[in-house]
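Survey of secondary and tertiary structure
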Amino acid sequence: MKTAIIGSGNLGLAIAKGLIVSNATTSLYLTKRNADSIKDWEKYKGVKVTSDNREAIRNSDIIIFAVQPRHFENILEQIKLLLTDKHVLISTITGFKISKIESIIGKDHYIIRSMPNTAISVGKSMTCICSNEKGKQRVELAKAIFDRLGTSIEIPEEQMQAATVICASGIAFWMRLIRATTQGAIQLGFDSKEAHQLAMHTCMGASSLLVASGKHPEEEIDRVTTPRGCTIEGLNEMEHQGLSSSLIKGIVSSFKKINDIGKN
Ligand SMILES: NC(=O)C1=CN([C@@H]2O[C@H](COP(=O)(O)OP(=O)(O)OC[C@H]3O[C@@H](n4cnc5c(N)ncnc54)[C@H](O)[C@@H]3O)[C@@H](O)[C@H]2O)C=CC1
Ligand SMILES: O=C(O)[C@@H]1CCC=N1
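Residues numbered from 1 in each chain as written. Chains lettered and ligands numbered in written order. Predicted model: local features only at pLDDT ≥ 70, side-chain atom pairs only at ≥ 80, totals over all residues. Heavy atoms only, no water.

The protein chain is annotated in an unreviewed UniProt entry as Pyrroline-5-carboxylate reductase of Leptobacterium flavescens. The Sequence similarities (unreviewed entry) comment attached to the protein chain in UniProt states, word for word, "Belongs to the pyrroline-5-carboxylate reductase family." What UniProt states about the protein chain under its Pathway (unreviewed entry) heading is, verbatim, "Amino-acid biosynthesis; L-proline biosynthesis; L-proline from L-glutamate 5-semialdehyde: step 1/1." (UniProt positions renumbered as here; feature names shortened; annotations may be inferred.)

The structure is reproduced here in structure tokens:
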């Protein structure tokens with residue numbers, strides 16, 4: 001596999017790290033306007049850094065786009081004449097519909113839309129994907145790539161915005177919950193390093209339990225909440241203060257904003 005990442009910023013470099021660590025690609029082009037700032041990535045075998053998107057496209061088969069939405073159209077215009085049948089185009093761009101990509105480069109290309117998150121750098125991304133008509137022939141390939149870097153599912157394109165909130169922004173939401181737990185642990189007397197460790201690993205344990213058992217969270221909660229115990233006391237107070245409600249409201253606000261991004 002010869003891969004190019006067009007736009008090596010936060011997400012692009014997270015994907016690059018995941019690909020490198022898992023030995024998933026034979027060559028990897030990383031592009032960025034100011035390529036010098038990521039030149040040190042060339043220390044990894046097979047990695048080439050450049051500001052020349054056209055060079056990256058010519059020398060790669062899998063092209064992953066990770067630029068901000070406002071830059072994507074110009075880049076597609078810039079590279080469209082270089083695209084051949086060997087290329088599989090994977091866009092991570094929020095709100096940029098497949099129909100808009102097709103209106104710029106045409107329908108006769110393998111186009112995949114994907115929504116990974118930054119945990120892709122450690123092989124733990126929850127990634128949602130969808131494709132155009134021709135791209136259906138490459139969905140299994142895209143799934144294989146993202147399954148190597150975490151877990152992937154195929155969804156209808158209409159759900160891509162919602163998937164962005166839950167999976168991509170979701171990383172930040174969970175981080176904030178971990179931070180709040182850390183603050184609580186410090187107030188209870190742990191030093192900040194220990195508090196952080198307790199919060200992170202307990203969060204990982206909760207998630208791992210659900211992934212392994214396939215159970216509903218409430219079933220696992222029932223196993224922890226001793227009658228008249230401290231867990232139910234804490235949980236009920238959190239709910240009185242609006243924990244579930246504020247999370248749901250935040251998710252819905254994020255979704256409303258993403259729909260604005262899609263309109264621009
Ligand atoms: N950051 C995240 O966790 C996630 C981001 N996304 C989407 O991924 C895209 C990138 O997001 P971020 O990485 O956060 O943004 P970013 O701003 O960190 O990275 C974008 C990179 O593209 C580069 N760039 C701009 N114009 C370019 C050009 N003409 N040629 C080559 N490189 C160019 C910039 O220099 C920058 O390094 C966005 O569309 C975002 O919606 C999707 C899922 C998660
Ligand atoms: O905040 C954003 O708009 C992008 C999309 C999801 C994660 N980062």
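Resuming the write-up.
1. As for the site of ligand 2
Close to ligand 2 lie T94, T164, A168 and S169. When ligand 2 sits alone it has 240 Å² of accessible area, and the protein chains cover 46% of it. Here the residues of the shell around ligand 2 sort into one nonpolar, three polar and no charged. (Near = heavy atom within 4 Å. Areas by Shrake-Rupley, 256 points an atom, 1.4 Å probe, with all protein chains shown as cover. Nonpolar A, V, L, I, M, F, W, Y, C, P; charged D, E, K, R; others polar.)

2. Examining the packing of aromatic side chains
Here the structure, examined in full by the defined rule, presents three aromatic pairs. Ring geometry for W41 and Y44: centres 5.7 Å apart, planes at 55°, overall tilted. A relative accessible area of 15% places W41 in the buried class. Considering the side-chain rings of F65 and F72, the 5.1 Å spacing of their centres and the 55° angle between planes classify their relative orientation as tilted. A single burial state applies to F65 and to F72, both of which are buried. An aromatic cluster is defined as three or more aromatic residues linked by ring pairs; in this entry it consists of F65, F72 and F96. Across the ring face of F96, the terminal group of K100 is positioned such that the distance to the ring centre comes to 4.4 Å. Across the ring face of Y110, the terminal group of R138 is positioned such that the distance to the ring centre comes to 4.0 Å. (Phe/Tyr/Trp six-rings, centres within 6.5 Å; stacked < 30°, edge-to-face > 60°. Buried < 20%, exposed > 50% of the residue type's maximum accessible area, 1.4 Å probe, protein only. Lys NZ or Arg CZ within 6 Å of the ring centre and 35° of its normal.)

3. Section: the site of ligand 1
N10, L11, V67, Q68 and T94 are the nearest of the 22 residues found near ligand 1. Isolated, ligand 1 exposes 820 Å² of accessible area, and the fraction of that covered by the protein chains is 81%. Taken atom by atom, the bulk of ligand 1 overlaps the second largest pocket. Counting residues per element, the ones that place at least two in the shell around ligand 1 are α1 (10-21) and α3 (69-79). Of the residues forming the shell around ligand 1, the biggest block, three residues, is contributed by α3. Residue classes in the shell around ligand 1 are distributed as nine nonpolar, 11 polar and two charged. (1 Å grid on protein atoms, 1.4 Å probe; cavity = no way out; pocket = protein on both sides within 12 Å on 5 of 7 lines; lining within 4 Å. Sits in = over half its atoms within 2 Å of the grid points. Helix = DSSP H or I, 4+ residues; strand = E, 2+ residues; numbered from the N terminus.)

4. Examining the pattern of salt bridges
One pass over the structure, following the stated rule, counts 12 salt bridges. Of the charged contacts in the structure, one is a salt bridge between K39 and E42, with a shortest N-O distance of 3.6 Å. Of the residues examined, K39 reaches a relative accessible area of 39% and is grouped as partly exposed. In this structure E42 comes out as partly exposed when scored by relative accessible area, which is 30%. (Salt bridge = Lys/Arg side-chain N within 4 Å of Asp/Glu carboxyl O.)

5. Examining the environment of E102
Its place among the elements puts E102 in helix α4 (residues 98-105). For E102 and L76, which are 26 residues apart along the polypeptide, the C-alpha to C-alpha distance reads 10.0 Å.

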